[in-house]
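# Analysis of the macromolecular model
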Amino acid sequence: MSNTQFYELYRRSSIGMALTDSLDELITTGHINPQLAMRVLSTFDKSISEALAQLVRNKANVKGHLHTYRFCDDVWTFIIENPNFKFEQQDTVSAEKVKIVACNAKRPGEQ
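- For the protein chain, an unreviewed UniProt entry supplies the name Transcription initiation factor IIA subunit 2 and the organism Syncephalastrum racemosum.
- In UniProt, the protein chain has this text filed under Sequence similarities (unreviewed entry): "Belongs to the TFIIA subunit 2 family."
- Under the heading Subunit (unreviewed entry), UniProt records this for the protein chain: "TFIIA is a heterodimer composed of the large TOA1 and the small TOA2 subunits."

Next comes the structure, spelled out in structure tokens:
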């Protein structure tokens, strides 16, 4: 396994939270040890990042009120109120509020 570090962003997604809850239960019941759970989470970070990079090709335009933005440690965070997403296939999705986190494709220190 390589030493490449991946962002842990997707652990807070619904699938990441479900995985974390399941791993916590397995640790609590003694079925796995915490080290194995951390290895599973690292594999999840790598797999979800690679899958999204390879499989998602849709583009969208976003319109809304930019409530907050910040840039810290090479990570942009935007909070948009009343966003309206228009996708290439003419689908439109609206929400009350959305948080967008954008990171460099390569982690700092990588070649």
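### Quick notes on the overall build of the protein chain
- Broken down by element type, the protein chain carries two helices and four strands.
- Sequence-ordered secondary structure for the protein chain, helices as α and strands as β, is α-α-β-β-β-β.
- Expressed as a percentage of its 111 residues, the buried residues of the protein chain come to 15%.
- Looking at the protein chain alone, contacts between residues at least 24 apart form 41% of all its contacts between residues at least 6 apart.
- Counting only carbon and sulfur atoms, one obtains 53% of the accessible surface of the protein chain, whose full area is about 8800 Å².

### Structural notes on the pattern of salt bridges
- Tallied over the full model, the rule gives two salt bridges.
- For R11, the salt bridge goes to E8, with nearest N and O atoms at 3.7 Å.
- Taking the relative accessible area as the measure of exposure, R11 reaches 14% and is therefore buried.
- Here D45 ties to R11 by a salt bridge, and the two come within 2.6 Å at their closest N and O atoms. Taken together, the positions of D45 in helix α2 (residues 34–55) and R11 in the segment before α1 (14–28) put the pair 34 residues apart, joining distant regions of the chain. With respect to class, D45 is no different from R11; both count as buried.

Each value, and the rule that gives it
- Residues numbered from 1 in each chain as written.
- Predicted model: local features only at pLDDT ≥ 70, side-chain atom pairs only at ≥ 80, totals over all residues.
- Heavy atoms only, no water.
- UniProt positions renumbered as here; feature names shortened; annotations may be inferred.
- Helix = DSSP H or I, 4+ residues; strand = E, 2+ residues; numbered from the N terminus.
- Buried < 20%, exposed > 50% of the residue type's maximum accessible area, 1.4 Å probe, protein only.
- Contact = heavy atoms within 4.5 Å.
- Areas by Shrake-Rupley, 256 points an atom, 1.4 Å probe, with all protein chains shown as cover.
- Salt bridge = Lys/Arg side-chain N within 4 Å of Asp/Glu carboxyl O.

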